[in-house]
Amino acid sequence: MSHFEKVVQAKPDSIFGVQETYKRALATYKALPKDHPDAAPEKLPISLVIGAYRTAEGQPWVLPVVAEVEREMVGKENHEYLEMAGHVGFRNAAQKLMFGRNFPEVATIQTLSGTGALSIGFNFFARHTNIRHVLLSDPTWGNHFTVAQTAGLTTGTYPYYNSQHNSVKFEEMLQCLRTCDPNTLVVLHPSAHNPTGMDLTMEQWAQLAELFTARRTLVPFFDSAYQGYASGDLDADVAAVRLFTDHGLQVVVSQSFSKNMGLYGERVGALHVKCDSVDEKDRVLSQLAALARATYSNPPSYGARIASTILSDPARFEQWKGCLDTMTSRLKGMRHALLAALERRHVPGSWNHITVQQGMFSYTGLTAPQVAYMAEHHKIFLLPSGRMSIAGLTPANVERVAAAMEDAVTHAPVAH
Ligand SMILES: Cc1ncc(COP(=O)(O)O)c(C=O)c1O
């Protein structure tokens, strides 16, 4: 008899599942004899799946500013536990980066990156407030559903993306938020919306701020995973958070340094909860820390120390902005290169949205059968929703991707 007899296989994660398929295709490719026709360089499998920056050579990038700080840290730090709420210098600097200043009434806890911030945040609401429901954009990053439901909250969606016109359904979104049940958390992407890359304008954010001001029982929960990654400007990318804060709203923010500092595996992030008073902040922070204590006790220190140094040293901060510029410029360049290649080929359909969208991803408009066709016939992998990680494009592969898209649009079975 086994205690685990009844354990069923978990569903593969929709994103990492596709990446696994790519990895298998890559392993098969690498195992081929060099003279095999399928071993040609133009048959090398390409992953446009994972939201992680790659260089023009398709390699992961350690930001030079991060590498320098790491070198300076060697031998200078010990491995003591951090406080349950995390590294104090990091927390203060992260809060200032998000809000443009420090607020005595904002509870900030260091978290296991953005996912950890969402998890602590959702668990906090489920346990300590009368909120039990979360509204997510349709579509959104798939893990939002899982993290919210695992915390015991129910989930629903608000209209966001019109895939016919590649635009935001703003009026429908407003209507939904005007009429949804009270005591609801509303997750908003301040910039570089994942997966669509379509962001709201400042005028639209202003209308939303009015709506939340009129409906105080709704809580705006900003998921900021790409600060500095959409426009290249750290302030502009969180302007919505600051606008809502200026309206006196009780915003909640999950903040990730995975993408903008390239610290993915170090798990660096923060959760900020704007309270009405310092006394309220103290109580909220104590409960956030208690949740951390019950799950992982104290957050990891290595990445937080790196981020703290970069955020607090003006010279390092400038250097970091240069790195953000390198990353965002390359991504924008690849958007333009892909659009140009599609237009040169006269691929049926309109593709302008690829350069209108911003951040790590493009919602290409490719259908699930077209995506499957590209995987089967061209060994090019993206998500079934048509989401493409722009970071996976390089000057060397963009023509191949455009040619595969042309083939898929022309020859893949029609979606039902
Ligand atoms: C919208 C969004 N939120 C949160 C995350 C979480 O990332 P991390 O946990 O690495 O900060 C991601 C990562 O892709 C994301 O796209």
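Predicted, not measured: the structure shown is a model, and the values here were computed from it. (Residues numbered from 1 in each chain as written. Predicted model: local features only at pLDDT ≥ 70, side-chain atom pairs only at ≥ 80, totals over all residues. Heavy atoms only, no water.)

Along the chain, the position of N397 falls in the loop between strand 13 (387-389) and helix 14 (398-411). The buried category is assigned to N397, whose relative accessible area is 10%. Sequence separation between N397 and P195 is 202 residues; the distance between their C-alpha atoms is 22 Å. The contacts of N397, once residues within four sequence positions are left out, are I46 and G392. (Helix = DSSP H or I, 4+ residues; strand = E, 2+ residues; numbered from the N terminus. Buried < 20%, exposed > 50% of the residue type's maximum accessible area, 1.4 Å probe, protein only. Contact = heavy atoms within 4.5 Å.)

A few words on the environment of E57. Along the chain, E57 turns up in the loop between strand 1 (46-47) and helix 2 (64-73). E57 sits in the exposed class, given a relative accessible area of 61%. In sequence terms E57 and P369 are 312 residues apart; their C-alpha atoms lie 29 Å from each other.

It is worth spelling out the site of the ligand at this point. Around the ligand, the neighbouring residues are S113, G114, T115, W141, N194, D223, A225, Y226, S256, S258, K259 and R267. Interatomic distance of 2.5 Å between a side-chain N/O atom of T115 and an oxygen atom of the ligand. Contact with the protein chains removes 91% of the 400 Å² of surface that the ligand exposes when unbound. At three residues, the largest contribution of residues to the shell around the ligand is made by helix 4 (residues 113-128). Class assignment for the residues of the shell around the ligand results in three nonpolar, six polar and three charged. (Near = heavy atom within 4 Å. Polar contact = N/O pair within 3.5 Å; in protein donor to acceptor, adjacent residues only side chain to side chain. Areas by Shrake-Rupley, 256 points an atom, 1.4 Å probe, with all protein chains shown as cover. Nonpolar A, V, L, I, M, F, W, Y, C, P; charged D, E, K, R; others polar.)

As a further point, take the UniProt feature "domain: Aminotransferase class I/classII large" (unreviewed entry) in the protein. Mapped onto this structure's residue numbering, the UniProt feature "domain: Aminotransferase class I/classII large" (unreviewed entry) falls at residues 46-404. As a span, residues 46-404 carries 44% helix and 15% strand, and end to end its C-alpha atoms are 11 Å apart. (UniProt positions renumbered as here; feature names shortened; annotations may be inferred.)

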